[in-house]
Structure formats: C-alpha cells, structure tokens
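# Structural characterization, general
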Amino acid sequence: MSSGVEADIALDAAVIASLGLVRVMGGAAGLAAAGAGALAALAEGRAEAQAERLQEARRLEESVGEALDRTARIAALAASAREHGVAVELPVPVEVTGRSADELASWIAEADARLTVAEESLAAAIAEAATGRVFATATASLRATPENGRSAAAPRPAASPDDLTRVLKRLAPDAADADRQAVTEAAEQVVRAPTISEAEGRLTEVRLRIQHANERARERRDGRAAALRFLRELEGLPAAETVRPRLAEVADGTRLFDEGLRAEAARLVEDAQRQAEQRYVAEVLREAFGALGYEVGEGFETLTAQDGEAVLTRGDWPQHAVKVRVDGTRQVRLALLRTEPAESDEQRRLDLEREEQWCASFDAARERLAEAGVHADVRWRVEPGTQQLPVTGRQRPGRQQNERRRELGR
C-alpha cells in the first residue's frame, strides 16, 4: 500500500438511487421510508440485498412520479370544474413522504378509477353546455342571415345536437381557453352546415381540433407533474429560490413549462444530487476512519466543498496526522504527514512504522467504504519509506519532494 495515495471514487447505483430518492420524497423522511433500506443493505455487503433494495428504490421513485402525475391531473380537473361551475368528486392528493411503493400503487389505482369517472362526468357537462351555446348562437345567426333558401323564421340546422355533444365530450376538460375557442368556432360551422353530409364533413375539423387541444392539454399536465417533482427535489435548496416561484406557477397552471425553465430546474437538480453524493462520501469517510480509531478534526464538513480537506489524527500519534482531500465524488487523496520535523534517526524509524500502520488502516478503510457503496480505485501511491514525510504547514529547506507529494502535503 502507500503512505500517500490518490484514488478514483465510484458510488454504487443503489447509493445514487437512494440519495436521489431522498430528494424526490421531500427530505430526510424519504430516507427513513426507503433509502435507508438500500444503504443498510450496502452495509451488510450482500449483493442480492443490494440488488433488491436498488429495485425497491427505483420502484418507489417511479411510484412517486406516477402519484405526482395524478396530483397534477387532479389539480387541472379541479380548476376546470371551478371555471365551468360543475360539481365533481375528485380524489384527495396523496402525500408521498413516508409512503411505500405498495401504498402509492394502491392509491394510484383508486385515484385512476375515480379520475376516469370524474373526467368523463366533467367532460360531458362541459360538452352539453357548449352544445347548447353553439346551437343557440348558430340558430340566432341563421335567423338573421338565411342560407340557401332556408326560412329566417324557422331555421333548422342539419347537424344533430346529440352528434355534436358526443364529439365535444372527447375534448379534455382542462383544455386551454384558446384551444376550446378554436373547437367552438369549428362546432359553430357544423351547425351552420346546410346539409347532413356537409355537417359530417365539418365534424371532422372539430375532431382534429379536439385532438390537437388534447395533445396540448397532456403536455401541460406533464409539465405540471414535472414542476411538482422539481419543487420537491429542490426543497430547501437556496440556489433554487429564483426558480421555485416560476415552478409553482407551472404547478398551479398559470404558466407554461418552457424549455428554459425546465433546463434551469434540471441543472439545479443535478447540482443537488452531486452535493448529496459529496456529503455521503464525506460521511462514509468520517465513519470508516472513525471506526479505525482516527479522530476527525474540525472542518471535515469542507470535504463537500470544492478542494475541501480535513485532517485525521490519533491519540497515540502525537507527531503524525493524515490529510484528506476529496474532489467532489470523483477522487480522494490522502497523505501521512508529520506535525513537526523529524530530528533524529529514531523519529525517522517511527515515520516508517506510522506509514506501515497507516497503510493497514487504509486497506481496512477501503473495505468499509466498499461495504457502504463507495469504491476507491487506487490511481497512484507512495510506498512506505520511499520519501521523507512532509511536515504539515511547512517544509524543511533543502529537501526535494516529489511534485505530487508536495501537492498533498501543502
């Protein structure tokens, strides 16, 4: 092994998924609900348990996403019901924090059944009201301007109200006002048609406009669901304060989820995930070396910052310490240092002994790290006795140090 070492760090997929799940679940409670299971399995070191926990974490994350999708749908239908003055029974949105995947799946199944009934009822009520308005408007227009020899006193539209209502029921209840207006205009042309065959032809245009309107309504629902998820993942993140109000507007349906806002929110989520992984690595390092008898000095939390570093000490090592530097979640560098210059052969002999002890500790720490899902792949090392130990805070003059060793020791 070595007295100085640099290693590449790789996190297990289960760790990454669990840390992401914590955000999706809306904070630490999510970890207690499911993420902790994945990390506990990693600590047990059982591959089959890790795979099972990873599957559970991913299943729960998928269930959370589906639940938020239903929540967005509920909000959209509720707003449409208020706008059109229609009473409709809707499911109560579920609070995903603390819920298992099975619990969420059960709620989703029940919500889907109720949403189907509510959406059909709402669409029918809106369609019937729209048909009445369209026929009233078109009939009044026909009276004022007779077409093709029709009597101004008794205009008879060729289209059937039932046929028009049946088509309008397909329009999503939460269609945008502009899309609904476009459909209404096409429906009025159906009522104005002089013959049944021409009315049928004009109904085709109504169907096409409804199809386009429904596609845009689904896009808005998807945007609201995504905004809800982003809001949960960015909860408590100071850097997201300028984004959160705009996400809330999307979730409320008062703003479209444009690509710029989506990209900005996605970038903040990536930053949050990276910070969570950095904190996890730092905590695992702290626990691994703490269990081996090393004391973590003040400032260990700076390992989560750019170029953060900390010092490990031992009660029986008054003249030595270990400097730890972590570059994000990609690399860790550790170096055994002297706290004061070596002035005698006995002290230099002690250096070699401490280097060998540190090497054994590093081997044991790597095993503990791996059990917690943090793998350290050694890139380079300095073997015990190869070089004189650097002195923390200062270098002895006239000593030539390896350039990378100096970097670790400064």
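Procedures and definitions
Residues numbered from 1 in each chain as written. Predicted model: local features only at pLDDT ≥ 70, side-chain atom pairs only at ≥ 80, totals over all residues. Heavy atoms only, no water. Helix = DSSP H or I, 4+ residues; strand = E, 2+ residues; numbered from the N terminus. Buried < 20%, exposed > 50% of the residue type's maximum accessible area, 1.4 Å probe, protein only. Contact = heavy atoms within 4.5 Å. Areas by Shrake-Rupley, 256 points an atom, 1.4 Å probe, with all protein chains shown as cover. Axes fitted to C-alpha atoms, helices over the stretch in contact; angles between N-to-C directions. Parallel < 35°, antiparallel > 145°, perpendicular 65-115°, else oblique. Left-handed = near helix turned anticlockwise from the far one by under 90°. Nonpolar A, V, L, I, M, F, W, Y, C, P; charged D, E, K, R; others polar. Core = buried A, V, L, I, M, F, W, Y, C linked by side-chain atoms within 4.5 Å. Expected span 1.5 Å × (residues − 1). Phe/Tyr/Trp six-rings, centres within 6.5 Å; stacked < 30°, edge-to-face > 60°. Salt bridge = Lys/Arg side-chain N within 4 Å of Asp/Glu carboxyl O. Pairing = 2+ DSSP bridges. Arc of directions from axis to C-beta.

Before going further, it helps to examine the overall build of the protein. When helices and strands are counted, the protein shows 11 helices and 6 strands. Counting the 410 residues in the protein, one finds 46% classified as buried. Long-range pairs, those at least 24 residues apart, make up 67% of the contacts in the protein between residues at least 6 apart in sequence. Total accessible area on the protein stands at roughly 20100 Å², and carbon and sulfur atoms take up 48% of it.

On to the packing of helix 1 (residues 13-24) against helix 9 (residues 259-291), then. Where helix 1 meets helix 9, the axes come as close as 10 Å, and the angle between the chain directions of the two elements is 120 degrees. With respect to helix 9, the element helix 1 is oriented oblique. Pair helix 1 / helix 9 crosses with right-handed handedness. Of the residues in helix 9, those in contact with Val15, Ile16, Leu19, Gly20 and Arg23 of helix 1 are Val269, Ala272, Gln273, Ala276, Glu277 and Tyr280. For the contact of helix 1 with helix 9, a count of residues per class yields 7 nonpolar, 2 polar and 2 charged.

For the rest of this paragraph, the subject is the nonpolar core. Most often, soluble globular proteins have nonpolar side chains that are buried together. Membership of the largest hydrophobic core comes to 31 residues, with the highest contact counts inside it found for Val322, Leu334 and Trp358. Among the elements that make up this core, the one with the highest residue count is helix 9 (7 residues).

When the terminal C-alpha atoms of helix 1 are compared, their 16 Å separation across 12 residues agrees well with the 16 Å that a helix rising 1.5 Å per residue should span. A large share of helix 1 lies buried, amounting to 10 of its 12 residues. Along helix 1, the residues classified as buried are Ala14, Val15, Ala17, Ser18, Leu19, Gly20, Leu21, Val22, Arg23 and Val24.

Another point: the packing of aromatic side chains. Applying the stated criterion across every chain, the model contains 6 aromatic pairs. Centroid distance phenylalanine 289 to tyrosine 294: 6.0 Å. Interplanar angle 85 degrees. Geometry classified as edge-to-face. For tyrosine 294, a relative accessible area of 4% gives the class buried. By the ring-pair criterion, three or more aromatic residues cluster together here, those being Phe289, Tyr294, Trp317, Trp358 and Phe362.

Before going further, it helps to spend a moment on the pattern of salt bridges. All chains considered together, the criterion is met by 27 salt bridges. Between aspartate 102 and arginine 59 there is a salt bridge whose closest N-O contact spans 2.4 Å. Taken as a pair, aspartate 102 in helix 4 (residues 101-144) and arginine 59 in helix 3 (residues 47-84) lie far apart in primary sequence, 43 residues in all. Linked through salt bridges whose partners overlap, the residues forming this network are Arg73, Glu119, Asp174 and Arg221.

Moving on: the pairing of strand 4 (residues 320-327). Judged by how many residues are buried, strand 4 sits mostly within the fold: 8 of 8 residues are covered. The side-chain alternation of strand 4 yields two buried faces, one formed by His320, Val322, Val324 and Val326 and the other by Ala321, Lys323, Arg325 and Asp327. In this structure, strand 4 lies alongside strand 5 (residues 331-338), joined through 8 bridges in antiparallel fashion. In the strand pairing of strand 5, valine 324 is matched with leucine 334.

This part is about helix 8 (residues 244-251). Among all positions of helix 8, only Leu247, Val250 and Ala251 are buried. Projected onto a plane normal to the axis of helix 8, the buried residues spread over an arc of 100 degrees and lie on a single side. Along its buried surface, helix 8 packs onto helix 7 (196-233) and helix 9. Following helix 8 by one or two positions, glycine 253 adopts a phi angle in the positive range, close to 85 degrees.

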